[in-house]
Amino acid sequence: MNELTQTQLLERVTHSNRPDGNPRVQKITARIVGDLFRAIDDLDIQPDEFWAGVDWLSRLASSGQAGLITAGLGFDRLLDIRLDEADERAGREGGTPRAIEGPLYIAGAPLSKYETRVDEEGEEQRGETMVMEGRVLDINGKPVAGAIVDVWHANELGRYSHFDPDQAEYALRRRIETDAQGRYRFRSFLPPGYAIPPNSPTSELFSAIGRHGNRPAHIHFLVVAPGLRTLTTQVNVPGDSFIDDDFAFATRDGLILKLERNTPPKGYESLGVTTQFTRVPFDFVMQPA
Ligand code: MBD
Ligand code: FE
């Protein structure tokens, strides 16, 4: 009875022996543990290899990088692909493509109506000055007033506030409420790309598997409006060498910005733009809820 084969052990591990379990959790756990038992056997994983993996998982958890490794191993994009497939089966089409949220969103950023600066007034130039502007529309092209456009991007060193002790709370994070014509606009600078933190559990695994940890320059958005399906997406700055080789697989056709360089500043005084700048037109198109 207490001498077990591998099969008997798995059967015991995944067998429910009290009445208060969650059937869904039981099913998923049984499947994943079973797959891992099989991997250990098939790959002849040795005890030292197994315990090195457990140690790595412990360090991953305490580093707060669990959501970073999921992106790098493709799980975040996988979930998006599956949503796209479900939409296709249901005949739900149109709208701005979704892209992964990533692990660096923070709710509750300062809120403005129609326009704001996302960078700080009065600081020296941190990159190419840009104004991104456009409208939030439904799939029939009707402007959506009162939509909340939540935007966040990296600083000039590729780091995000809240996760970086050198930045102020909510730095480079803002929310903008669209005006009566569904318009939004904001001033910031074109951010650089992102690289995973060196000397971290994520970089340790990525160097061992021979993959880089770079993301192309991008800006994140979460767009919310009553009656419409919440849109989580990212846009890419064109010309980045990692645009087709993103660590997190988030780049998508239709999300690569078109930059209008050397735009005269007329009409942008309220954003403090006084010299030629880069205008970035972009409309967000939202599906019905
Ligand atoms: C990022 O900036 C990011 O957007 C994702 C998805 C993963 C890591 C860093
Ligand atoms: Fe990001």
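Residues numbered from 1 in each chain as written. Chains lettered and ligands numbered in written order. Predicted model: local features only at pLDDT ≥ 70, side-chain atom pairs only at ≥ 80, totals over all residues. Heavy atoms only, no water.

**Focus on the pattern of salt bridges**
Here comes step 1: Enumeration according to the criterion identifies 18 salt bridges in this entry.
Here comes step 2: Residue Asp84 pairs with Arg98 through a salt bridge whose shortest N-O separation is 2.5 Å. With Asp84 in helix α5 (residues 75-90) and Arg98 in the loop between α5 and β1 (111-113), the pair connects residues that are 14 residues apart, well separated along the chain.
Here comes step 3: Taking relative accessible area as the criterion, Asp84 reaches 23% and is therefore assigned partly exposed.
Here comes step 4: Note on Arg98: relative accessible area 15%, which makes it buried.
Here comes step 5: In this structure, the salt-bridge partner of Arg252 is Asp84, at a minimum N-O distance of 2.9 Å. With Arg252 in the loop between β10 (231-236) and β11 (260-263) and Asp84 in helix α5, the pair connects residues that are 168 residues apart, well separated along the chain.
Here comes step 6: Among the ionic contacts, a cluster of salt bridges with common partners joins Asp84, Asp87, Arg98, Arg229 and Arg252. (Salt bridge = Lys/Arg side-chain N within 4 Å of Asp/Glu carboxyl O. Helix = DSSP H or I, 4+ residues; strand = E, 2+ residues; numbered from the N terminus. Buried < 20%, exposed > 50% of the residue type's maximum accessible area, 1.4 Å probe, protein only.)

**A short note on empty space enclosed by the protein**
Here comes step 1: This structure, assessed with the given rule, holds one cavity of 30 Å³ or more.
Here comes step 2: The volume enclosed by the largest cavity comes to roughly 120 Å³.
Here comes step 3: Secondary structure elements with two or more residues in the lining of the largest cavity: α4 (66-72) and β9 (218-224).
Here comes step 4: The residue inventory of the lining of the largest cavity, partitioned by class, reads nine nonpolar, four polar and two charged. (1 Å grid on protein atoms, 1.4 Å probe; cavity = no way out; pocket = protein on both sides within 12 Å on 5 of 7 lines; lining within 4 Å. Points joined across faces, edges and corners; volume = space filled by probe spheres on them. Nonpolar A, V, L, I, M, F, W, Y, C, P; charged D, E, K, R; others polar.)

**Remarks on the coordination of the iron ion (ligand 2)**
Here comes step 1: Distances from the iron ion (ligand 2) to its protein donors, Tyr160 (OH), His218 (NE2) and His220 (NE2), fall within 2.0 to 2.1 Å.
Here comes step 2: In the primary structure, the donors to the iron ion (ligand 2) are separated according to the pattern Y-x57-H-x1-H. You can see Tyr160 sitting in the loop between β4 (148-152) and β5 (173-177) and its partner His220 sitting in strand β9, a full 60 residues away along the chain.
Here comes step 3: In this structure His220 comes out as buried when scored by relative accessible area, which is 3%. (Donors = N, O, S within 2.8 Å, 3.2 Å for Na, K, Ca; no water.)

**Topic: helix α3 (residues 47-63)**
For an α-helix, the turn length of 3.6 residues means that residues three or four places apart are oriented alike.
Here comes step 1: A rise of 1.5 Å per residue sets the reference length of α3, with its 17 residues, at 24 Å; its end C-alpha atoms lie 24 Å apart and thus fit the reference within 8%.
Here comes step 2: Two residues or fewer past α3, Gly64 is found with a positive phi of approximately 75 degrees. (Expected span 1.5 Å × (residues − 1).)

**Observations regarding the layout of surface pockets**
Here comes step 1: As a volume, the largest pocket reaches approximately 600 Å³.
Here comes step 2: Leu36, Phe50, Gly53, Val54 and Leu57 are, among the 16 residues lining the largest pocket, the residues nearest its centre.
Here comes step 3: Residue assignment for the lining of the largest pocket shows that the elements contributing at least two residues are α2 (23-42) and α3.
Here comes step 4: Considering every element that reaches the lining of the largest pocket, the biggest residue donor is α3, with seven residues.
Here comes step 5: Broken down by class, the residue content of the lining of the largest pocket amounts to 13 nonpolar, one polar and two charged.

**Focus on the nonpolar core**
Here comes step 1: The biggest cluster of nonpolar side chains holds 31 residues, and the ones touching the most others in it are Met132, Val136, Phe186, Phe221, Val223, Phe282 and Phe284.
Here comes step 2: Aside from chain neighbours lying at most four places away, what touches Val223 is Val136, Ile148, Val149, Thr230, Leu231, Phe284 and Met286.
Here comes step 3: Core analysis: the next-biggest nonpolar cluster, separate from the first, contains 18 residues, Trp56, Trp152, Leu222 and Ala248 among them. (Core = buried A, V, L, I, M, F, W, Y, C linked by side-chain atoms within 4.5 Å. Contact = heavy atoms within 4.5 Å.)

**What about the side chain of His218?**
Here comes step 1: Within the secondary structure, His218 sits in strand β9.
Here comes step 2: A distance of 3.0 Å separates a polar atom in the side chain of His218 from a polar atom in the side chain of His220. (Polar contact = N/O pair within 3.5 Å; in protein donor to acceptor, adjacent residues only side chain to side chain.)

**Some thoughts on the domain arrangement of the chain**
Here comes step 1: In terms of domain boundaries, the chain breaks down into domain 1 (1-10 + 20-45) and domain 2 (75-286).
Here comes step 2: A separation of 41 Å is found between the C-alpha centroids of domain 1 and domain 2. (Domains from an automatic or database assignment.)

**Considering the site of ligand 1**
Here comes step 1: Neighbouring residues of ligand 1: Leu68, Ile100, Gly102, Pro103, Leu104, Tyr160, Tyr194, Arg215, His218, His220 and Ala248.
Here comes step 2: One nitrogen or oxygen atom from the side chain of Arg215 is found 2.6 Å from an oxygen atom belonging to ligand 1.
Here comes step 3: Within the side chain of His220, one N or O atom sits 2.8 Å away from an oxygen atom of ligand 1.
Here comes step 4: Relative to its unbound accessible area of 260 Å², ligand 1 is 100% covered by the protein chains. (Near = heavy atom within 4 Å. Areas by Shrake-Rupley, 256 points an atom, 1.4 Å probe, with all protein chains shown as cover.)

**Let's talk about the sheet that holds β10**
Here comes step 1: The strand order across the open sheet built from five strands is β1-β5-β4-β9-β10, with neighbouring strands paired in mixed fashion. Where the open sheet ends on each side, the last strands, each with one partner, are β1 and β10. Along the sheet, successive strands turn relative to each other by an average axial angle of 25 degrees, direction set aside.
Here comes step 2: Relative to β10, β9 runs antiparallel, the two being bridged by six bridges. Residue pairing across strands places Leu222 opposite Thr232, the latter belonging to β10. (Pairing = 2+ DSSP bridges. Axes fitted to C-alpha atoms, helices over the stretch in contact; angles between N-to-C directions.)

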